[in-house]
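Coordinate analysis (summary)
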Amino acid sequence: MNIMECVKNAFQNVFSNKSRTILTMLGIIIGISSVIIIVAIGNGSQAAIEEEFESFGTGSFTVTLVGSTDIETRDLLTMDDYYLLEDVDGIDAISPTYTYGSAFLKLMDPQETNIATVTGVTPDYESLNNDTLLFGRYLSNNDVNLNTKNCVIYDTTARKVFGTVGEEVLGQQISLKSWKGTSKYTVIGILENTNTSQIENPDEYPDTIYAPITTVMRNYYSDTISNLIIGVSQDADTEEMKNVILSELEAFHGNEDKYYIMDTTDMMDSINSILSYVTLFIGFVAAISLLVGGIGVMNIMMVTVTERTREIGIRKAIGAKNKDIRLQFLVEAVILTGCGGLLGLAIGWGGSYLVGNLVGITPVMSMTAVVGAVGVSMGIGILFGVSPANKAAQLDPIEALRYE
Amino acid sequence: MLPLLQLENIKKQYRQGTLEVMALKGINLSVEEGEFVSIMGTSGSGKSTMMNILGCLDRPTSGYYRLEGVNVSSFDDSQLAVVRNQKIGFVFQSFNLLPKLSALENVELPMVYAGVPRRERDERARAALEKVGLGKRLHHKPNELSGGQRQRVAIARALVNHPSIIMADEPTGNLDSKSTIEIMGIFQQLNEEGTTVVMVTHEPDVAQYTKRIVVFQDGEIRSDHPIENRVIFGEEAIS
């Protein structure tokens, strides 16, 4: 018997009892749709975290002082450490940072309500922080060497303070008010803010203003820097570079185990792997519901075989071979689960946007999940259809014809 | 020339619980091409078992069954399925049509398993239904047809693969007397055209339409003789 004939036949049989078919499919539909939703939300949160990290700067090291009580003055990081590491082989970009702000600093925008941070940096910081310049220019070595009162700001800040983003903002002054009075900086560049949560809720986050490190340190009477941000060249061994940096610093300061290097790539990797384990685990739980659905399909197929015993007898009497009967019931089971899988896919697709909307995550559909869902559901049809189909194939034609 | 069917010392043993039942005790029987045989006997006489073996639905415990000279008694399930499909056409007491399929689709079914292409199937099924006088009810479902019409569909289905023999098991058992006569007329007509027919029945009136009567009793053949005063369709004595 030709396979197309068989599929056509099976469709007729499967859909001749609609309510039973839908109820049987329900298990598969729920299983597949929950797997799809979980995978889509999992991938979505992974993508969101990656984006967050990218706006923070990936592939760079952040050198900080370890948080312990026995820190001495000689251990503190200063501009000398920056000059020390600037020429080390394998270091592509380096910028010291000194951040002052939050609760102590007020951005003098028209409302005067926003808190801000001012971060002192060097020109390399633009690439280390993955910033994109929209207008004007970034801080230059000249700005650092001459302690200019220039600054670059994000487009979100520009909109807040000047009500516009564009060339017209360049050259205007921005005021920051602290306990020691108000300092004015001249805007020389506008950066694109890529942090989606800050774009969506600009009032809930402090505005960040970048100024030359030297200017900021002098302005707020600091001899030390907060961190050193370091970008190593692509072909450098990151672990080895960490050791080089640490030993340089330790030799320079004459201390041990006082510095810690945070590697954003490492952090992102470990968060991602935790997240994928969580997704995998929840996915596994959802997969159990698929298994239960499969057992439901097997049960109904067993009932169908019994109900259609006489039909099987008739088919055998007029020349159906055992394998024809087996194929017929197997195809029916696969159609049952395959259609369930497709419906589950559609519901899961819609459902993941619904759930994503509720929890604030944009779901990410992966082709693997889609193809996998349909494949798995058809596989379940074969797995749980084999034994009813064999039962049907092995019926004795005489007994089957006698069945009432 | 070899007989169409040749049975040689056919025995069939059943196990009913702990009891061994000898349903057929060594049957020897030949049916030539073009014959019209009725098999009679009380229930338990072994006539149904005989029919199942003749129809290749069952295998004998021992003995030889040659169909067109081929020993089919040792065939496996799928070989027997091919024999049933190609060489045998079944007509049952309870029609045994598939209720969800139309008359035409029911008649097409043996050709589906024979792998006949769709277009040819359609043509041959229509022709077979025309032959049994149902050319105008091709798309009716079995439950939209009368008993006599259903049995005609079953006969068309039995004919459609051009079998060597038609096996009819109490074909008129569920029919009123008018339909019975019509169905027997169709069998006679087919037999006239050369089709060999073997029919199980317990009604002597019906057996009178055939050419030869084989009577079974206790798993053996009690008598085997040609019909005298054969009834011909359309020439029945008005009673």
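Treat the numbers as computed from the prediction; the structure is a model and nothing was measured.

Some words on the overall build of chain A
- Along chain A, the regular secondary structure elements total 14 helices and 10 strands.
- For chain A, the C-alpha radius of gyration of 33 Å lies well beyond 22 Å, the compact-globule estimate for 404 residues.
- Over its C-alpha atoms, taken along the principal directions, chain A stretches across nearly 105 × 50 × 35 Å.
- For chain A, the proportion of its 404 residues judged to be buried stands at 39%.
- Counting only contacts in chain A whose residues sit at least 6 apart along the sequence, the fraction spanning at least 24 positions is 83%.

A look at the interface of chain A and chain B
- On the chain B side, the residues contacting the 18 residues of chain A number 20 residues.
- Secondary structure elements with two or more residues in the side of chain A that touches chain B: helix 1 (3-14), helix 11 (309-317), helix 12 (322-359) and helix 14 (397-402) of chain A.
- It is helix 11 of chain A that provides the largest number of residues to the side of chain A that touches chain B, a total of four residues.
- Taken together, the residues of the side of chain A that touches chain B sort by class into eight nonpolar, five polar and five charged.

Here we look at the packing of helix 10 (residues 264-307) of chain A against helix 12 of chain A
All names here are of chain A.
- Direction vectors running N to C along helix 10 and helix 12 enclose 140 degrees, while the axes themselves pass 11 Å from each other. Compared by their axis directions, helix 10 and helix 12 come out oblique. In the packing of helix 10 onto helix 12, the handedness of the crossing is right-handed. Where helix 10 abuts helix 12, its residues Val-297, Met-301 and Val-305 lie against Phe-329, Ala-333, Leu-336 and Thr-337.
- Split into classes, the residues belonging to the contact of helix 10 with helix 12 amount to six nonpolar, one polar and no charged.

Quick word on helix 1 (residues 47-54) of chain B
Residues and elements named next belong to chain B.
- Within helix 1, eight of the eight residues are buried, which leaves the element mostly enclosed by the surrounding structure.
- When we look at burial in helix 1, the residues that qualify are Lys-47, Ser-48, Thr-49, Met-50, Met-51, Asn-52, Ile-53 and Leu-54.
- Residue Cys-56 follows helix 1 closely and has a positive phi angle near 60 degrees.

Let's talk about helix 6 (residues 155-162) of chain A
- Across the eight residues that make up helix 6 of chain A, a large majority, six, are buried.
- Residues of helix 6 of chain A that are buried include every one of A:Asp155, A:Thr156, A:Thr157, A:Ala158, A:Lys160 and A:Val161, and no others.

Here we look at the pairing of strand 8 (residues 207-212) of chain A
Residue and element names in this part refer to chain A.
- Across the six residues of strand 8, six count as buried, placing the element largely inside the fold.
- Relative to strand 8, strand 3 (residues 115-121) is paired through six bridges, and the arrangement is parallel. Each residue of the ladder has a partner; that of Val-121, found in strand 8, is Pro-212.
- Sheet topology places strand 5 (residues 150-154) next to strand 8; two bridges connect them, and they run antiparallel. When the bridges of strand 8 are listed, Ile-153 appears paired with Ile-209.

Notes on the sheet that holds strand 9 (residues 212-217) of chain B
Residues and elements named next belong to chain B.
- Pairing is mixed across the open sheet formed by six strands, whose spatial order is 6-7-8-3-9-10. Pairing within the sheet leaves two strands with one partner each, and these edge strands are strand 6 (88-91) and strand 10 (220-226). The mean angle between the axes of side-by-side strands here comes to 20 degrees, regardless of whether they run parallel or antiparallel.
- As judged from the six bridges shared by strand 9 and strand 10, these two strands associate in the antiparallel manner. Note on strand 10: the bridge partner recorded for Val-214 is Asp-224.
- Across the face of the sheet, helix 5 (residues 147-159) comes into contact with strand 6 and strand 7 (165-169) while running at roughly 170 degrees to strand 6.

Notes on unusual backbone geometry
- With a phi close to 55 degrees, A:Tyr221 is a non-glycine residue in the positive phi region.
- Mapped onto the elements of the fold, A:Tyr221 is located in the loop between helix 8 (213-219) and strand 9 (227-232).
- The phi torsion at B:Glu170 lies on the positive side, around 50 degrees, for a residue other than glycine.
- Its location among the elements puts B:Glu170 in the loop between strand 7 and helix 6 (177-192).
- Look at B:Glu170 and you get buried, because 20 C-beta atoms sit within 10 Å.

What to know about the pairing of strand 4 (residues 62-67) of chain B
Residues and elements named next belong to chain B.
- Examined bridge by bridge, strand 1 (residues 5-16) and strand 4 share five bridges and lie antiparallel to one another. Bridging across to strand 4, Glu-8 finds its partner in Tyr-64.
- Two elements, strand 4 and strand 5 (residues 70-71), share two bridges in a ladder whose sense is antiparallel. Note that in strand 5 the partner of Leu-67 across the bridge is Val-70.
- Here strand 4 hands over to strand 5 after two residues, with Glu-68 in that stretch at a positive phi of 50 degrees.

Examining the confidence of the model for chain A
- Of all residues in chain A, 96% have pLDDT values of 70 or greater, and the mean over the chain is 86.
- Taken element by element, chain A is modelled with least confidence in helix 7 (residues 196-200) of chain A, mean pLDDT 75, and with most confidence in helix 11 of chain A, mean pLDDT 95.

Comments concerning the sheet that holds strand 1 of chain B
- Pairing in this open sheet of four strands is antiparallel, and the strands run 2-1-4-5 (chain B) from one edge to the other. Looking at strand neighbours, the two that pair on one side only are strand 2 (19-31) and strand 5 of chain B, the edges of this open sheet.

Here we look at the packing of helix 1 of chain A against helix 12 of chain A
Residues and elements named next belong to chain A.
- Between helix 1 and helix 12, whose axes approach to 9 Å, the crossing angle comes to 60 degrees. Taken together, the axis directions place helix 1 and helix 12 in an arrangement best described as oblique. Considering the relative orientation of helix 1 and helix 12, their crossing is right-handed. On helix 12, the residues that touch Cys-6, Val-7, Asn-9, Ala-10, Phe-11, Asn-13 and Val-14 of helix 1 are Leu-327, Gln-328, Val-331, Glu-332, Ile-335 and Leu-336.
- When grouped by side-chain class, the residues that make up the contact of helix 1 with helix 12 number nine nonpolar, three polar and one charged.

Examining the confidence of the model for chain B
- Overall, the prediction assigns chain B a mean pLDDT of 92, with 98% of residues at 70 or greater.
- Confidence metrics for the complex model read pTM 0.72 and ipTM 0.93.

Concerning the nonpolar core
- Ranked by size, the top nonpolar core spans 114 residues in total, and within it B:Ile39 and B:Ala156 carry the most contacts.
- With 11 residues, the top contributor of residues to this core is helix 2 (residues 18-56) of chain A.
- Each residue touching B:Ile39, except ones within four places of it in the same chain, is listed here: B:Lys47, B:Met50, B:Met51, B:Val198, B:Met199, B:Val200, B:Val214 and B:Phe216.
- Counting residues in each nonpolar core, the second largest holds 44 residues, with A:Phe61, A:Ala116, A:Tyr185 and A:Leu249 among its members.

Procedures and definitions
- Residues numbered from 1 in each chain as written.
- Chains lettered and ligands numbered in written order.
- Predicted model: local features only at pLDDT ≥ 70, side-chain atom pairs only at ≥ 80, totals over all residues.
- Helix = DSSP H or I, 4+ residues; strand = E, 2+ residues; numbered from the N terminus.
- Rg over C-alpha atoms; globule rule 2.2 N^0.38 Å.
- Buried ≥ 20, exposed ≤ 12 C-beta atoms within 10 Å, placed from the backbone.
- Contact = placed C-beta atoms within 7 Å.
- Nonpolar A, V, L, I, M, F, W, Y, C, P; charged D, E, K, R; others polar.
- Axes fitted to C-alpha atoms, helices over the stretch in contact; angles between N-to-C directions.
- Parallel < 35°, antiparallel > 145°, perpendicular 65-115°, else oblique.
- Left-handed = near helix turned anticlockwise from the far one by under 90°.
- Pairing = 2+ DSSP bridges.
- pLDDT = per-residue confidence, 0-100.
- Core = buried A, V, L, I, M, F, W, Y, C linked by C-beta atoms within 7 Å.

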